[in-house]
Amino acid sequence: RGVVVAIDGPSGSGKSTIGRHLAATRGLAYLDTGAMYRAATWWCREEGVDLDDEDAVRRAVAVMPLEMRTDPAQARVVVGDADVTDAIRTTQITTIVSKVATNLGVRAWMRVRQRSEIADALRVEGSFEGRGIVAEGRDITTVVAPDADVRILLLAREDARLARRAREVHGSDDDDAIAATRDQVLRRDADDSTVSTFTVAADGVVTVDTSDLDLQQAIAAVEQVVAE
Ligand code: CDP
């Protein structure tokens, strides 16, 4: 029977890179749930929905034609006819995504969609022949898949997370780049933590601190938890 690996963590903890790598090496599906919230945010803007109108946001997201392609070698996010994989990574979206993600109606819809992606990856006749999935986000170990076979919380010190994000977004971790990243990382974590707990491990969740690990070491640490 297939395996479900749930990984949570704050921005810059390395969960996307590590999660995708783990899925690829084990032949599992890969679900980036943050990308789903980003796609919902993209869709609301596209539809001209006022993000302060909670009910309008909930209704818009409920009819969003979202398709998550979960092959880790070519993970794509498609909304209707539009491949939004790159468009959802812009600063514009990053700055406002928490507004959509803290909408409880949106979260309820996401929970259903995410559980169905997990169920799909466990179906023997599905594309992953029932091998399973790595699902990654902020509330996978606690809310979406608390019964996952492996549950990991990736943590890293603030300075390490800021430096990583600055390098990703600005190609540098000098003071200006770090300053430009603060809102996107710290303010967003603070907003997100009003609806999800991802800074303290829940019962049965294994914590991996990646602050002083490079990518290879972080991957090895996570692989070891999965192998146990
Ligand atoms: O990669 P990073 O951690 O910066 O963000 P992300 O994983 O792309 O997630 C984007 C946003 O989606 C987060 O800031 C949260 O607002 C939201 N999110 C969530 O609420 N619950 C999840 N399980 C995953 C993401």
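Everything below is about the structure shown above.
Each value, and the rule that gives it
Residues numbered from 1 in each chain as written. Predicted model: local features only at pLDDT ≥ 70, side-chain atom pairs only at ≥ 80, totals over all residues. Heavy atoms only, no water. Helix = DSSP H or I, 4+ residues; strand = E, 2+ residues; numbered from the N terminus. Rg over C-alpha atoms; globule rule 2.2 N^0.38 Å. Buried < 20%, exposed > 50% of the residue type's maximum accessible area, 1.4 Å probe, protein only. Contact = heavy atoms within 4.5 Å. Areas by Shrake-Rupley, 256 points an atom, 1.4 Å probe, with all protein chains shown as cover. Lys, Arg positive; Asp, Glu negative; His and termini not counted. Charge placed at Lys NZ, Arg CZ, Asp CG, Glu CD. Pairing = 2+ DSSP bridges. Axes fitted to C-alpha atoms, helices over the stretch in contact; angles between N-to-C directions.

1. Some thoughts on the overall build of the chain
Okay, step 1: For the chain, the helix and strand inventory stands at nine helices and eight strands.
Okay, step 2: Relative to its length of 228 residues, the chain is compact, with a C-alpha radius of gyration of 17 Å against a globular reference of 17 Å.
Okay, step 3: If you line up the chain on its principal axes, its C-alpha atoms span 50 × 45 × 30 Å.
Okay, step 4: With 228 residues in all, the chain has 50% of them scored as buried.
Okay, step 5: By sequence separation, contacts in the chain at least 24 residues apart represent 75% of the contacts at least 6 residues apart.
Okay, step 6: Carbon and sulfur atoms make up 48% of the accessible area of the chain, which amounts to about 10,700 Å² in all.
Okay, step 7: The average position of the 28 basic charges and that of the 39 acidic charges among the side chains of the chain differ by 2 Å.

2. Regarding the sheet that holds strand E7 (residues 150-155)
Okay, step 1: With parallel pairing, the five strands of this open sheet are ordered in space as E2-E6-E1-E7-E8. Each end of this open sheet is capped by a strand with a single partner; those strands are strand E2 (29-32) and strand E8 (206-209). Adjacent strand axes in the sheet meet at a mean angle of 20 degrees when their direction is disregarded.
Okay, step 2: Of the pairings in the sheet, the one linking E7 to E8 comprises four bridges and is parallel in character. By the bridge assignment for E8, Ile 152 is matched with Val 206.
Okay, step 3: Here helix H2 (residues 33-46) sits on the sheet and contacts E2 and strand E6 (132-137); the angle it forms with E2, its principal contact strand, is near 45 degrees.

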